[in-house]
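So the chains spell out like this:
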Amino acid sequence: MTGLAGCVTYVHAVDEFCSVWLKWAKVCDGIMVERSLQASLKGIKAAETALIGLSLNQQQLAVRLGITRQPISKFFNQKPIDRNLFVQICQVLNLEWQDIAEDQDAVVNQQSEQNLDTQIDALVQAIREKIRPLIQERCGTMRVLDMEQPIKLTGEQGIYTNVNILEKITGRRRLEIAELLQHYDLEEFDRFGLSPVTEKRVPGLEAVRQFSKLMVLGKPGAGKSTFLKYLAMQCIEGHFLPDHVPVFITLKDFAETKGHPDLLNYIDRLIAMPSSLGRDVVSIQEMMRAGRGLILLDGLDEVREEDTARVIRQIREFSDSFSANQFVITCRIAAKEYTFERFAEVEVADFDQEQIATFATNWFRVKNDPVKADRFIQKLEENKSIQELATSPLLLTLLCLMFGESANFPANRSELYKEGLDVLLKKWDAKRNIERDQIYKNLSLQRKEDLLSQIALTTFENKDYFFKQKTVEAIIADFIRNLHNQDPNPEVLKLDSEAVLKSIEAQHGLLVERAKGIYSFSHLTFQEYFAAREIVANSAYPNLIQHNTERRWREVFLLTVGMMRTVDDFVQLMKRETDRLLSRSKKLQDFLAWLNWKSFLDLEQPFCKPAAIRAFYLIRPILVLARANDLSRLFALAFALDHNVFDFVLESPRPTDLILELANAIDAAHEMTFTSTEFAFTSVLAPELIRGLSLAITLTIEVNPLLQSLLQPLKDQLPNYGSNKENFEEWWRISCRSWTEQLRVVTVKYCSKWYDWHLNEGQKELLRQYYDANLLLVDCLNSDCYVSREVRAEIEETLLLPMAEIEKRKRA
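Notes on the structure follow. Everything numeric here is computed off the predicted structure, so don't read it as measured data.

## Concerning the overall build of the protein
Of the regular secondary structure elements, the protein holds 38 helices and 14 strands. Within the protein, buried positions represent 52% of all 812 residues. Here the protein has roughly 39,000 Å² of accessible surface; of this, 50% comes from carbon and sulfur atoms.

Given below as C-alpha cells:
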C-alpha cells in the first residue's frame with residue numbers, strides 16, 4: 001500500500017508541477033487568454049457615467065488607484081489593458097467588470113477577420129496588377145470576320161458601343177400573333193424590323209449592377225462576348241468593381257482542358273497567384289469566399305454536347321459554393337435548356353438607330369475616315385432593308401467592312417444579303433472552331449438554304465411575318481421527309497422538325513421565337529431574300545408578277561431580278577401586266593392619252609424624257625390618296641426616270657401652267673420633309689422644287705406683266721438654299737405652307753385651269769396601283785440587273801401610255 005500511495009502522491013505532484021509550468025509558460029509567451037481586457041462601447045459609456053457620478057476625472061481616478069494616467073486613458077479609449085488593473089478600475093467605479101469587458105472571442109475573431117481582409121486586399125491588388133496585361137490582351141481588342149487587324153475595344157480609340165438589355169425574354173412572352181402585329185400597318189407595309197421595341201431596355205452595365213448572378217442570352221452576333229470583354233476591361237481599369245479580380249473564361253476552352261479540372265483549379269491556373277505572396281498567406285479559395293471575383297463565363301452554347309452536363313454541374317457547384325462573387329454567363333437563345341435557379345435571365349436587345357450611328361462613328365474614326373461615317377449613316381437611312389441588318393452588331397460590322405472598301409453598299413443587294421447569310425450560316429462558327437450538334441448539321445449548306453427558302457416563300461405568300469411553331473415545323477417535316485435516308489415515321493419526323501427548328505434558331509439566329517410558340521425570321525430582309533431565292537430556283541415568275549401592285553412584294557421583286565442571269569422576259573412580263581391594269585377603263589385610258597398630249601405640249605424641244613413629264617402630271621389625281629408616310633413615292637417615279645424632270649420648266653412656253661403644279665408639289669413635299677422616314681429624300685427634293693418654281697416665276701413675269709405685281713413679292717420671299725442651308729430649312733418648316741397657299745390663290749386665278757377628270761374613288765385607287773406598279777418596274781430596271789438596251793428603251797418609251805398608243809408604236 002505504501003508503494004502505491006507513494007506513486008499516487010508522485011503523480012499528483014507531477015500534475016501540479018505541469019499545471020503551474022504551463023500557466024507560467026503561457027504568461028511568458030504573452031499569449032495567455034486572460035492577460036488583458038478591453039472595454040466595449042457600451043461599457044465605456046457606463047464607466048463614463050459612473051466617473052461623473054463619483055465626481056471624478058480620469059486623473060483623479062488614476063491617483064486613487066495609485067497608477068499613472070496612461071492605462072486609464074487606454075481604458076476609456078477601448079484599448080486592451082492588464083486584466084487585474086481592468087478589474088480594479090471597475091471596482092472603484094462600482095461596476096461589474098464582466099458587464100464592462102468586450103467579448104474576447106469576438107475581439108479575436110474581429111482581429112482575425114481584419115487580418116484576413118487585409119491579406120485579401122493585398123492579394124486582389126497584386127493579382128489585378130499581374131493579370132492586367134493578360135486581360136488587356138484577351139479582352140481589350142476585337143477582331144471578327146475579315147478584319148485585317150484587331151481594333152481597340154475601349155478608350156478614346158475604342159469601337160465598343162454600349163448594349164441594352166431586355167429584362168423580359170422575348171420568346172417567353174405569352175402573346176398572340178395579333179398582338180405582335182398591332183404596331184405595324186401591313187396594308188401600307190412600312191418597313192419594320194420585327195424587334196420588340198415595346199419592351200423595357202436598360203443599359204447592360206446597369207443590369208450587371210442590379211443582378212449579382214446574370215445569364216445573358218442573345219441571338220448569334222448580338223454582342224454577348226464583346227459585352228463580357230467590356231466588363232472585364234471596365235473592371236481591370238477601375239471603372240467597375242475596382243476591388244474585384246476579373247476572371248474571363250471561355251467555357252469551350254475550360255470544357256476541353258486536359259484533365260478536366262474543376263472551376264476553382266482552372267481559375268487558380270489562370271490567375272497564377274504571385275509567388276511573392278506565398279501560398280501560406282491566403283488562397284484563391286479564400287479570396288473567392290470573400291466575394292472578390294468578377295466571374296465572366298462566355299459561350300455556354302459553344303460547349304460540345306458531351307461536355308455540357310459536366311460544365312453545367314461545375315458552374316452550379318461553383319456559383320453555390322462561392323455565391324458572394326459576381327457572375328455573368330452568356331449563351332445563345334434556345335441553345336441550352338438548363339436553367340440556373342439563382343441566375344436572373346436577360347436578353348441582349350438589337351441595336352437601335354442611335355447605337356448604329358454610334359458604332360459607325362466609332363468604327364470610321366478608328367479607320368481615320370470620320371466623313372465616311374456620315375455617308376454610311378445617310379445610306380442606311382435611304383435603304384430601310386439594309387438598315388434592318390444593321391440592328392445586329394455582327395452584321396453591322398460586316399456592313400462597315402463592305403462600306404469601307406467602296407464608300408457605298410453593293411448595287412446588287414442580293415449579293416450583300418448572301419454575304420450576310422454566309423456569315424451566319426457558316427463563317428461565324430467556323431472562324432472560331434465551334435462545332436454544333438449533328439441533327440441540323442447533317443443538312444448541307446445548300447439544303448439549309450433550300451429549307452429556309454421554302455419556309456420563307458410559304459409564309460410570305462400567306463402574309464405570315466409571325467407564324468406559329470407548329471406551322472413552321474410542318475414545313476420542315478415536309479421538307480426533310482423527302483431527303484435521303486429519312487425515317488418517314490410521323491412521330492420521328494415531328495421530333496426531328498422540332499430539333500431542326502431549335503437548331504436554326506440557336507446556331508444561326510435566322511428564325512427567332514418572338515413569343516411563346518410564335519416565330520419569325522430574325523429580319524424581314526432575310527425572309528424576302530429567301531422568298532426571292534425560292535422563286536428563282538423554281539422559275540415561279542408568273543406567280544410573282546401577280547403581286548406587282550402590292551408594296552410588300554417590292555423588295556422580293558428587286559432581289560429576284562438581282563439573282564437572275566437576264567431579266568428581259570421578266571420585265572416585259574411586268575410591263576404587260578402593268579398596262580393591263582387600266583386597259584378596261586375607257587376614262588383612265590383617255591386620261592393617259594391626255595398625259596401624253598400634255599407632255600408633248602410642254603416639250604416642243606424636249607431635253608427631258610417624256611415619260612418623266614407624264615409621271616410628274618400623274619401626281620395630281622392620286623395626290624388625295626397619298627398618306628404622310630408615302631408622299632415621296634409620288635415624286636419617285638419622275639425622278640427615277642429623269643433627275644432633270646423639273647428643269648423642263650426653263651424650256652416650257654407656258655410656265656404659268658407649271659407654277660400651280662409646282663406649288664402643289666411643294667405643299668405635298670412640305671408634309672413629308674420632316675418625318676424621320678422621308679427626310680433624306682425631300683432634303684434633295686425641296687430645294688429642287690423651290691428652284692424650279694423660282695425659274696418658272698421669273699419666266700412668267702417676263703411673258704405676263706400683269707402677274708408681276710403679285711408674283712414678284714412672293715419670289716422675293718424665297719430663300720437661297722445654296723447659300724444658307726439652315727436658313728432654308730427653317731423657312732421651309734415655318735413659312736412654306738402659308739407661302740404656297742398665297743401662290744395657289746394667284747395661280748388658280750391667272751394660270752391655265754387644270755382639266756378636272758372627276759375620277760371616282762375606285763378609279764383613283766386603280767390609278768394608284770398603276771403608279772406603284774410602274775414605279776416598281778422602273779426600280780427594277782434601275783437596279784443591278786442585266787437587261788438589254790433594246791428592251792430598256794422600249795419600256796421607258798411606252799411607260800404611262802394608253803394601250804392604243806402602245807399598239808400604234810409597236811406597229812410602227
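## Observations concerning the packing of helix 3 (residues 58-65) against helix 5 (residues 83-92)
Their axes nearest at 11 Å, the elements helix 3 and helix 5 cross at an angle of 110 degrees. With respect to helix 5, the axis of helix 3 lies roughly perpendicular. Contacts between helix 3 and helix 5 involve Leu 61, Arg 64 and Leu 65 on the former and, on the latter, Gln 88, Ile 89 and Val 92. Of the residues contributing to the contact of helix 3 with helix 5, the split by class is 4 nonpolar, 1 polar and 1 charged.

## So, the sheet that holds strand 9 (residues 293-298)
Pairing is mixed across the open sheet formed by 7 strands, whose spatial order is 6-5-11-7-10-9-8. Strands with a single pairing partner mark the edges of an open sheet, and in this sheet they are strand 6 (201-203) and strand 8 (245-250). Here the strands of the sheet are splayed against their neighbours by 30 degrees on average, with no regard to which way each runs. Where strand 5 (residues 164-166) meets strand 11 (residues 344-348), 2 bridges bridge the pair, whose relative direction is antiparallel. Within the sheet, the bridge partner assigned to Leu 166 lies in strand 11 and is Glu 347. Contacting strand 7 (213-218), strand 8, strand 9, strand 10 (326-332) and strand 11, helix 10 (residues 224-236) crosses the sheet at an angle of about 160 degrees to strand 9.

## Thoughts on the sheet that holds strand 14 (residues 518-521)
Overall, antiparallel pairing links the 3 strands, which are arranged 12-14-13 in an open sheet. Pairing within the sheet leaves two strands with one partner each, and these edge strands are strand 12 (467-468) and strand 13 (511-515).

## Regarding the pairing of strand 11
Each regular strand displays side chains that alternate between the two surfaces of the sheet. Taking burial as the measure, the 5 residues of strand 11 include 5 buried ones, the bulk of the element. The alternating pattern of strand 11 places Ala 344, Val 346 and Val 348 and Glu 345 and Glu 347 on opposite faces, both of which are buried. The sheet contact formed by strand 7 and strand 11 spans 4 bridges and is parallel. Bridge pairing links Val 216 to Val 346 in strand 11.

## Topic: the packing of aromatic side chains
Counted under the stated rule, the structure contains 25 aromatic pairs. With a centroid separation of 6.4 Å and 55 degrees between ring planes, the pair formed by Phe 351 and Phe 359 is classed as tilted. Taking relative accessible area as the criterion, Phe 359 reaches 6% and is therefore assigned buried. Ring geometry for Phe 376 versus Phe 403: centroids 5.2 Å apart, planes at 85 degrees, classification edge-to-face. With a gap of 27 residues between them, Phe 376 in helix 16 (residues 370-382) and Phe 403 in helix 18 (residues 393-406) connect regions that are remote in the sequence. Accessibility classification places Phe 376 together with Phe 403 in one group, the buried group. Here the guanidinium or amino end of Arg 83 rests over the ring plane of Trp 97, the centre of that ring lying 4.9 Å away.

## So, the pattern of salt bridges
Under the defined criterion, the tally for this structure stands at 33 salt bridges. With a shortest N-O distance of 3.4 Å, Lys 252 and Glu 256 are connected by a salt bridge. Classification of Lys 252 as buried rests on a relative accessible area of 10%. With a shortest N-O distance of 3.2 Å, Arg 481 and Asp 478 are connected by a salt bridge. Taken together, the residues span about one helical turn, with Arg 481 and Asp 478 both in helix 22 (residues 469-481) at a distance of 3 residues. Residue classification places Arg 481 among the partly exposed residues on the basis of a relative accessible area of 40%. Residue classification places Asp 478 among the partly exposed positions, given a relative accessible area of 36%. Through salt bridges that share partners, Lys 252, Glu 256, Arg 304, Glu 306, Asp 307 and Arg 310 make up one connected network.

## Concerning helix 34 (residues 725-734)
Of the residues making up helix 34, those classed as buried are Phe 728, Trp 731 and Trp 732. The arc enclosing the buried residues of helix 34, seen along the axis, measures out at 100 degrees, which places them on a common side. The exposed set on the far side of helix 34, more than 90 degrees from its buried face, consists of Glu 726 and Ile 734.

## Remarks on unusual backbone geometry
Unusually for a residue other than glycine, Leu 241 sits at a positive phi of about 45 degrees. Inspection of the secondary structure puts Leu 241 in the loop between helix 10 and strand 8. The backbone of His 260 shows a phi angle near 50 degrees, a positive value even though the residue is not glycine. Here His 260 is to be found in the loop between helix 11 (251-255) and helix 12 (263-271). With relative accessibility at 44%, the residue His 260 sits in the partly exposed group.

## Let's talk about the state of the cysteines
As enumerated under the stated definition, the model contains 0 disulfides in all. The thiol of Cys 780 is unpaired, and the distance to the nearest cysteine sulfur, on Cys 785, comes to 7.0 Å. The class of Cys 780 is buried, set by a relative accessible area of 0%.

## What to know about the nonpolar core
Core analysis: the biggest nonpolar cluster contains 183 residues, and Leu 251, Met 287, Met 288, Leu 300, Phe 376 and Leu 511 have the highest contact counts within it. In this structure Leu 511 touches Leu 452, Ile 455, Phe 467, Val 472, Leu 501, Ile 504, Glu 505, Tyr 519, Ser 520 and Phe 521, once residues within four positions along its chain are discounted. If you look at the next biggest cluster of nonpolar residues, it comprises 22 residues, including Leu 37, Ala 62, Ile 72 and Val 92.

## Section: the environment of Ile 476
Within the fold, Ile 476 resides in helix 22. In contact with Ile 476, other than residues within four places in its own chain, are Leu 451, Ile 455, Ser 497, Val 500 and Leu 501.

## Re the side chain of Arg 514
Within the fold, Arg 514 resides in strand 13. Despite being buried, Arg 514 has no salt bridge partner; Asp 350 is the closest side chain of opposite charge, sitting 5.1 Å away. A distance of 3.3 Å separates the side chain of Arg 514 from the backbone oxygen of Phe 521, its partner in a polar contact.

## Remarks on the pairing of strand 14
Looking at chain direction, strand 12 and strand 14 are connected through 2 bridges and run antiparallel. Bridge pairing links Lys 468 to Ile 518 in strand 14. Pairing geometry for strand 13 and strand 14, over 4 bridges, is antiparallel. Directly across from Val 512, in strand 14, lies its bridge partner Ser 520.

## A word on the environment of Ala 532
One can find Ala 532 in helix 24 (residues 524-537). Sequence separation between Ala 532 and Glu 555 is 23 residues, and the spatial gap between their C-alpha atoms is 8.8 Å.

## Comments concerning the side chain of Thr 154
For Thr 154, the position within the fold is in the loop between strand 4 (151-152) and strand 5. We classify Thr 154 as buried; its relative accessible area is 10%.

## Some remarks on the packing of helix 15 (residues 353-366) against helix 16
One can describe the packing of helix 15 onto helix 16 by two numbers: an axis separation of 8 Å at closest approach and a directional angle of 150 degrees. Relative to helix 16, helix 15 is oriented roughly antiparallel. Helix-helix and strand crossings are classified by hand; for helix 15 and helix 16 the assignment is right-handed. Between helix 15, through Ile 356, Ala 357, Ala 360, Thr 361 and Phe 364, and helix 16, the contact on the second element is made entirely by Pro 370, Lys 372, Ala 373, Phe 376, Ile 377 and Leu 380. Partitioning the contact of helix 15 with helix 16 into residue classes produces 9 nonpolar, 1 polar and 1 charged.

Here is what the cut-offs are and how they apply
Residues numbered from 1 in each chain as written. Predicted model: local features only at pLDDT ≥ 70, side-chain atom pairs only at ≥ 80, totals over all residues. Heavy atoms only, no water. Helix = DSSP H or I, 4+ residues; strand = E, 2+ residues; numbered from the N terminus. Buried < 20%, exposed > 50% of the residue type's maximum accessible area, 1.4 Å probe, protein only. Areas by Shrake-Rupley, 256 points an atom, 1.4 Å probe, with all protein chains shown as cover. Axes fitted to C-alpha atoms, helices over the stretch in contact; angles between N-to-C directions. Parallel < 35°, antiparallel > 145°, perpendicular 65-115°, else oblique. Contact = heavy atoms within 4.5 Å. Nonpolar A, V, L, I, M, F, W, Y, C, P; charged D, E, K, R; others polar. Pairing = 2+ DSSP bridges. Phe/Tyr/Trp six-rings, centres within 6.5 Å; stacked < 30°, edge-to-face > 60°. Lys NZ or Arg CZ within 6 Å of the ring centre and 35° of its normal. Salt bridge = Lys/Arg side-chain N within 4 Å of Asp/Glu carboxyl O. Arc of directions from axis to C-beta. Disulfide = S-S within 2.5 Å. Core = buried A, V, L, I, M, F, W, Y, C linked by side-chain atoms within 4.5 Å. Lys, Arg positive; Asp, Glu negative; His and termini not counted. Polar contact = N/O pair within 3.5 Å; in protein donor to acceptor, adjacent residues only side chain to side chain. Left-handed = near helix turned anticlockwise from the far one by under 90°.

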